[in-house]
Amino acid sequence: MGSNSKRPLPLSSSSSSSSRAASGQGNVAVRPKTPASRRSVTPNSRVHSNGDDSDNGRVRVAVRVRPRNADDLLSDADFADCVELQPEMRRLKLRKNNWSSESYRFDEVFTESASQRRVYEVVANPVVESVLNGYNGTVMAYGQTGTGKTYTLGRLGNDDASERGIMVRALEDIIANTSPTSDSVEISYLQLYMESIQDLLAPEKINIPITEDPRTGEVSLPGASVVKIRDIEHFLQQLQIGETNRHAANTKLNTESSRSHAILMVYVRRSVHEKHEKVEDEISSEEKFTRSDAHGGSRIPIVRKSKLLIVDLAGSERVDKSGSEGQLLEEAKFINLSLTSLGKCINALAENSPHIPIRDSKLTRLLRDSFGGSARTSLIVTIGPSARHHAETTSTIMFGQRAMKIVNMLKLKEEFDYESLCRKFEKQVDQLTEEIERQQKSRKNDKNEMEKRLRECQDSFAEAEKNLVTRSEFLEKENTRLELETKDALNELNHQKDLNVLMRNEVASLEMSLKHSKKPITLTFIGKASFASVNSITLVCQYQLENSTYQQVLADTTQMYEEKIEELIKQLGDEHARSKTAEEQLDVIKKLLSDSEQKIQQQKTENSTYQKVLADTTQMYEKKIKDLTKQLEDEHAHLQGAEERLDEAKNLLSGHQKSMQDEIDELKMRLHEMGRHEELTVNELQSLKSELTDLLSEKATLTWELHAVNQKLSVEEKQRKTIENELVRLKTVVPENDHDFKDKKSYTNGSTGQDSSTFGTQKDLHKSNPSRETILSQRATITKICEEVGLQKILALLTSEDLDVQIHAVKVVANLAAEDINQEKIVEEGGLDSLILLLRSSKNVTILRVASGAIANLAMNELNQGLIISKGGGQLLANMASKTDDPQTLRMVAGAIANLCGNEKLHMMLKEEGGIKALLGMVRSGNSDVIAQIARGLANFAKCESRGIIQGHRKGQSLLIEDGVLPWLISNCNTAASASTRRHIELALCHLAQNENNAWDFKSSGGVRELKRIAAESTREDIRNLAKKTLKSTPFQSEIHAEL
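Residues numbered from 1 in each chain as written. Predicted model: local features only at pLDDT ≥ 70, side-chain atom pairs only at ≥ 80, totals over all residues. Heavy atoms only, no water.

Notes on helix α21 (residues 831-841)
Burial in α21 covers these residues: Gly831, Leu832, Ser834, Leu835, Ile836, Leu838 and Leu839. Looking at the packing, one finds that the buried side of α21 touches α18 (791-796), α19 (803-817), α20 (820-828), α22 (845-858), α23 (862-870) and α24 (873-883). (Buried < 20%, exposed > 50% of the residue type's maximum accessible area, 1.4 Å probe, protein only. Helix = DSSP H or I, 4+ residues; strand = E, 2+ residues; numbered from the N terminus. Contact = heavy atoms within 4.5 Å.)

Observations regarding the state of the cysteines
Scanning all chains against the criterion turns up 0 disulfides. Cysteine 973 forms no disulfide, and the closest cysteine sulfur to it belongs to cysteine 990, at a distance of 8.2 Å. With a relative accessible area of 0%, cysteine 990 lands in the buried category. (Disulfide = S-S within 2.5 Å.)

Looking at α24
Inspection of α24 places Gly873, Gly874, Leu876, Leu877, Ala878, Met880 and Ala881 among the buried residues, and these make up the whole buried set. Lining the buried residues of α24 we find α21, α22, α23, α25 (887-900) and α27 (915-921).

Let's talk about the packing of aromatic side chains
By convention here, two paired aromatic rings are described through the distance between centres and the angle between planes. One pass over the structure, following the stated rule, counts 1 aromatic pair. Centroid distance tyrosine 142 to phenylalanine 399: 3.8 Å. Interplanar angle 10 degrees. Geometry classified as stacked. Of the two residues, tyrosine 142 sits in strand β8 (residues 137-143) while phenylalanine 399 sits in helix α11 (residues 390-403), which places them 257 residues apart along the sequence. For tyrosine 142, a relative accessible area of 8% puts it in the buried group. (Phe/Tyr/Trp six-rings, centres within 6.5 Å; stacked < 30°, edge-to-face > 60°.)

Concerning the environment of threonine 340
With respect to the element layout, threonine 340 can be found in helix α9 (residues 327-350). The spacing of threonine 340 and serine 316 is 24 residues in sequence and 9.4 Å in space, taken between C-alpha atoms.

Quick look at empty space enclosed by the protein
To locate leftover empty space, one rolls a probe as large as a water molecule over the atoms. In this model, the second largest cavity occupies a volume close to 50 Å³. Lining the second largest cavity, in full, are Leu342, Cys345, Ile346, Leu349, Ile358, Thr364, Leu367, Arg368 and Phe371. Partitioned by chemical class, the residues of the lining of the second largest cavity number 7 nonpolar, 1 polar and 1 charged. (1 Å grid on protein atoms, 1.4 Å probe; cavity = no way out; pocket = protein on both sides within 12 Å on 5 of 7 lines; lining within 4 Å. Points joined across faces, edges and corners; volume = space filled by probe spheres on them. Nonpolar A, V, L, I, M, F, W, Y, C, P; charged D, E, K, R; others polar.)

Considerations on unusual backbone geometry
Its identity is not glycine, yet methionine 194 carries a phi of approximately 55 degrees, on the positive side. For methionine 194, the location among the structural elements is in the loop between β9 (184-193) and β10 (196-199). At glutamate 195, a residue that is not glycine, the phi angle is positive and equals roughly 60 degrees. Within the secondary structure, glutamate 195 is located in the loop between β9 and β10.

So, the side chain of arginine 365
Inspection of the secondary structure puts arginine 365 in helix α10 (residues 362-366). In this structure arginine 365 is buried but unpaired, with glutamate 212 as the nearest side chain of opposite charge at 4.3 Å. Once residues within four sequence positions are removed from consideration, arginine 365 is found in contact with Ile210, Glu212, Ile358 and Arg359. (Lys, Arg positive; Asp, Glu negative; His and termini not counted. Salt bridge = Lys/Arg side-chain N within 4 Å of Asp/Glu carboxyl O.)

Some points on the pattern of salt bridges
Applying the stated criterion across every chain yields a total of 26 salt bridges. For arginine 849, the salt bridge identified is with aspartate 886, shortest N-O distance 3.4 Å. Of this pair, arginine 849 sits in helix α22 while aspartate 886 sits in the loop between α24 and α25, and the two are 37 residues apart along the sequence. Residue classification places arginine 849 among the buried positions, given a relative accessible area of 8%. Aspartate 886 sits in the partly exposed class, given a relative accessible area of 23%. Note that lysine 911 and glutamate 962 form a salt bridge whose closest N and O atoms lie 3.8 Å from each other. Here glutamate 962 lies in helix α29 (residues 959-962) and lysine 911 lies in helix α26 (residues 907-912), a separation of 51 residues in the sequence. For glutamate 962, a relative accessible area of 44% translates into the label partly exposed.

Written out as structure tokens, the structure is:
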């Protein structure tokens, strides 16, 4: 939900940049950069200026024409349209009458059928996009009452969504492009009613004061309600509340006429993500370090704060047309007073005046950032099509034309979001603390697990070592036993071997004895011997049998022991392999144990490092928290002191509760500022560092640019010499006589005669100038040279030190000024300023004569007429008329003043600067051409006065009568040398006679007789009819009857 809260509303022109200079369009003059001292920079912000592209900063102006209503159709049935739109050319043509009109160029021209959506996209959408990018913006509607300003801006469109105004569409885009989690959109809705600022969302808040910070120049509105917007429906509810509380009334011109200026203030706060930052390269390394976290390298978040003003001005009105009375009349006075103050500021800014009257009205103070400040501004001027309101429409269009000349310095305002950063750091500290605790617990569990596994490995190793020792002892004992058994078996085998040897010996001895027994003996003996042999043989056989048995047993025993020995050797090898495997396992276990000990040691080291980092971080944040706590305590102490003072003030001033409310708000604002003082100081230091870096880079850039400018100047010097040589060639083209520029029809605000508005008559032209073909040929040549050389370079030659070059340059400019298509370019390029400077400083007769003629040609345009007077041209022409006696120069001066006389707005200034007296004083020359221009100027002057009297916006005696013109007109009416001069004098007398306040002068000086003569003898039928109509008026009836 949106909350109504009080806070100062920043309205300073220092609200912030990256936005760049370019020339304006059409006849719009680009306003140069204003001094930096006139705009302050908020110290707690990082500001980027877009001062390189002034077209982005120029006030964009669009014009919208209201469709005709029933009253317009009824009242203008007999009149032609006074407004002609040319939207494809972005031009508007304002008709004065059937033969005279003026064309004006705008940034956009909307026809009667233009939709609300198109108006928003062209006028307001670029401003809304700038606001979303961090720049301040203003959309304002200006125009006569009843021309559709509130419809364009504040239309809610409840019944038809296509009719929604700029306010609703702008908030739709802003809400759609902001995040509700990280961004915020807030509004305040105010009205300026009879110079009192009132809150439309909280009607009880009236007379809200405007305060200005003397240090930063920031303007604020303490006490105004600020509502945070949730969605578009919430905004529509707030807007409906504001519209209900706004003052409106029914007048003759508008049934729902706004009686106050409404100002919708939209505050947008957007977070800037790193991927969207475009100014990182401009930040110094020191600032980057301060924006980075000491360990994590996280960046300080940045927020962009911007403000959008949508201003629905109350319509200007004339009391005689609106019929305002009583309270409505008082309201109209304040409305017109504030709009007049705004117009003065616009004029001063458009003319680069050193003083801007910002403080003349609360409206101008609230809009100080919109015009000449740092906001992107779009102005839509609304007009009606009715010819009845021609003067109001002209005034509105001229307001828009002057506003187009204003160039603002767009500034981007970025701030470090320390609150968000602090919350982020606190969250990170909590997360790191939890993570460290989890890691410590995990490491402790891992350590316990590793210690447990280590103990198990040690026990297993000890048991394996014990089993291995036992097994080794067993194998050694078994080996010893087997060695003993083998030794016994070998001994037994040796014994058997000895027995076998013995048996072989015995067998051998028996065999030997058997061989000896084969000798012949006696039978007895043979019988005995045979018996003995048989016994021996039997014994031998027995021995052989036993021997073979023993050998078999020995072989079996040997084989058995060999198998046992082989088996023992195999078991011994297996035991050795097992022992080797156990040793390898023991080595692996030792290696694992060593690695485990190293990991434990490493974890202990990392743990100590994390503990140290945690301790440092904790210490740092404890220090910050301590500092913040100290600041909070200080602020609390200040707050307590303020509350004590507030209680005392309440006790002392209990009867003045209403007046104390402002002081309480001011104390709260000061407390708020005190709380931000330290943050402002840090930000200011960072801003100064950034500015120092920018200045150093700018210094390098300027050094390079200076070098480039020097080279460019050398090139231009060569081109200048070439142009001077070309101008020497012009001597053969441009004539040397006094008629070296075109005599053209003047701007007389309506024709005073078919052939009465030229500098000289056609006869004079034939006398003094060459043939028309020669003139056209010369002008074509001059135009071609101008296209080749360039108008700017030709104008630069007006300041040449070579007098001859200067004379020929001013002649070329005079010829160019004779063409309508060149006049606008000459004024834009500073040609008018150069010509006025020549009139002020030059003493050469030819230069003064030709420069006067050039100014006379330029004075045929109404816009140029105002510029000539504002730059002191009228007084210079008057002074020149009194100082010179040269007829040709006087003719040029008289022609220029005559053209200026055709502008009613300049009459009073012409009189004050001596223009009328100078015009009359040039009669002394006696030259017919000069007198013709004098008569034309007086006729123009008298006709404009007569029109003002008829339209009702001018009263009193004629300024010409006051300066003694009437006697000269009467004396020369019938004696003028040329018919053109006589016609101009007759017209001047007829128009002067239409003013009842001039009747006595006419009667006393014989003017009535001349009117009667004109009515009877004038060569022009329209002049005779005008004289007859004048004589029929009431002031002259008594005179006519007396003569009869």
